[in-house]
Amino acid sequence: MPFANRSDPGAPTFLLASVPGLEAARAWMGTLLCSGYLLAVAGNCAVLFIVKTEPSLHAPMYFFLCMLAAVDLALSTSTVPRVLAFYWFGSGEVGFAACLLQMFLIHTLSAVESAVLLAMAADRYVAICHPLRHAAVLTGAATARIGVAAVARGVLFFLPLPLLLLPLPFCRSRALSHSFCLHQDVMNLACANTTPSVVYGLAAILLVMGLDAVLICLSYLLIIRAVLRLEAWRERLRALGTCAAHICVVLAFYVPLIGLSVVHRFGRDLAPSVHIVMGNVYILVPAVAHPIIYGVRTKVIRRRILNL
């Protein structure tokens, strides 16, 4: 069915999922989710403000941190308000076009966040393994180009996902397994051949997030090799200490991502609550954890946050 016909009264609508047996506790669940969202907004906005106003933080690592904070804000804002409307006001239906837009934003912003984490790993590699070339390699212009390339790559790789779903008919159950729209979740509701969507979706995930994860691991293998060549243990610990925050941020992003992917691929027999909880963890936990991690590990950010 052409996209133009999707706006008619017969266009498909999808039903958002709620934890079975806890429908009466939606208000409390919404309050908990809203508290996490407000914490994520406050923390990431504080990071953006502190880096902007603190001259000592005007360095590539903290510019990448600002990109990460901006992506976390966009990702959580594209999902949490809609989920809160469902939990608080019972608005459990989402239109086809709105669902595709939300799906595109979630996957694209996740790809951008993965690219920013890879750029931060590359920054740590250059700073530790080639410290004399760090200022020349990662200039302000180079940092800006990396940010633009990260956004462009995310859009180019994940724009085909909603386009592949546009012509599919949806004649089965319209009930989603999450409180928001994801590609595989929507795709499974189609009553037509979804092989192109399956193949392209898997290829996009592997070529973007999968490749980024491999390159991040490779960069840290090179960092560890360079650190082990240092003679003094104090120097080794100091060098690794500069990577601790980034390692925690990478784990906060990739562990929920891998967990959600495993639940999608192999968890069809799991309870519906597992899918819902894993989806909410993937959307909200990184946005909450990232500013906390850098607030704890970076003295300047920690001091400014305490002052605020």
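Owing to the predicted nature of the structure, the values given are computational and were not obtained by experimental measurement.

## Quick notes on the packing of aromatic side chains
Scanning the model with the defined rule gives five aromatic pairs in all. An angle of 85° between the planes, with centres 5.4 Å apart, marks the rings of Phe14 and Phe170 as edge-to-face. With a gap of 156 residues between them, Phe14 in strand β1 (residues 13-15) and Phe170 in the loop between α7 (160-165) and α8 (183-187) connect regions that are remote in the sequence. Positioned above the aromatic ring of Trp233, the side-chain terminus of Arg236 is 4.7 Å from the ring centre.

## What about the confidence of the model for the chain?
Mean pLDDT over the chain stands at 87; residues scoring 70 or higher make up 93%. Confidence, expressed as mean pLDDT per element, reaches its minimum in the chain at helix α12 (residues 299-307) with 82 and its maximum at helix α6 (residues 140-158) with 95. Here residues 1-10 is modelled with pLDDT under 50, and outside its nearest four sequence neighbours on either side it reaches 13 contacts, counting other chains as well.

## Things to note about the side chain of Ser219
Among the secondary structure elements, Ser219 is positioned in helix α9 (residues 195-228). Given the relative accessible area of 9%, Ser219 is considered buried. Side-chain polar atoms of Ser219 contact the backbone oxygen of Ile216, separated by 2.6 Å. With residues up to four places along the chain from it excluded, the contact list for Ser219 reads Ala121 and Tyr125.

## Regarding the environment of Val296
Among the secondary structure elements, Val296 is positioned in helix α11 (residues 272-297). For Val296, a relative accessible area of 52% translates into the label exposed. For the pair Val296 and Ala245, spaced 51 residues apart in the sequence, the C-alpha separation amounts to 8.5 Å.

## A word on the packing of helix α1 (residues 26-53) against helix α2 (residues 60-77)
Packing of α1 against α2 brings their axes to within 9 Å, and their N-to-C directions diverge by 155°. Considering their axes alone, α1 and α2 lie roughly antiparallel with respect to each other. The two elements α1 and α2 meet at a crossing, and its hand is left-handed. Residues Tyr37, Ala40, Val41, Asn44, Cys45, Val47, Leu48 and Val51 of α1 form the contact with α2, whose own contacting residues are Tyr62, Leu65, Cys66, Ala69, Asp72, Leu73, Ser76 and Thr77. The residue makeup of the contact of α1 with α2, split by class, is 12 nonpolar, three polar and one charged.

## Considering the side chain of Ser110
Note that Ser110 resides in helix α4 (residues 96-129). Within the local environment of Ser110, its side chain forms a polar contact with the backbone oxygen of Ile106, the two atoms lying 2.7 Å apart. Residues within four places of Ser110 in sequence aside, it is in contact with Leu75, Met209, Phe253 and Tyr282.

## Quick word on the pattern of salt bridges
Within the structure shown, the criterion is met by three salt bridges. Note that Arg304 and Glu54 form a salt bridge whose closest N and O atoms lie 3.0 Å from each other. Of this pair, Arg304 sits in helix α12 while Glu54 sits in the loop between α1 and α2, and the two are 250 residues apart along the sequence. Of the residues examined, Arg304 reaches a relative accessible area of 18% and is grouped as buried. Put simply, Asp123 and Arg124 hold a salt bridge, and the shortest N to O gap is 2.8 Å. Residue Arg124 is classed as buried on the basis of its relative accessible area of 13%.

## Structural notes on the state of the cysteines
Inspection of the entire model under this criterion finds one disulfide. The partner cysteine of Cys99 in its disulfide is Cys181, sulfur to sulfur 2.0 Å. Across the S-S bond of Cys99 and Cys181 the torsion is about -120°, and the bridge reads as left-handed. Of the two residues, Cys99 is situated in helix α4 and Cys181 in the loop between α7 and α8; the sequence distance between them amounts to 82 residues.

Cut-offs and rules
- Residues numbered from 1 in each chain as written.
- Predicted model: local features only at pLDDT ≥ 70, side-chain atom pairs only at ≥ 80, totals over all residues.
- Heavy atoms only, no water.
- Phe/Tyr/Trp six-rings, centres within 6.5 Å; stacked < 30°, edge-to-face > 60°.
- Helix = DSSP H or I, 4+ residues; strand = E, 2+ residues; numbered from the N terminus.
- Lys NZ or Arg CZ within 6 Å of the ring centre and 35° of its normal.
- pLDDT = per-residue confidence, 0-100.
- Contact = heavy atoms within 4.5 Å.
- Buried < 20%, exposed > 50% of the residue type's maximum accessible area, 1.4 Å probe, protein only.
- Polar contact = N/O pair within 3.5 Å; in protein donor to acceptor, adjacent residues only side chain to side chain.
- Axes fitted to C-alpha atoms, helices over the stretch in contact; angles between N-to-C directions.
- Parallel < 35°, antiparallel > 145°, perpendicular 65-115°, else oblique.
- Left-handed = near helix turned anticlockwise from the far one by under 90°.
- Nonpolar A, V, L, I, M, F, W, Y, C, P; charged D, E, K, R; others polar.
- Salt bridge = Lys/Arg side-chain N within 4 Å of Asp/Glu carboxyl O.
- Disulfide = S-S within 2.5 Å.

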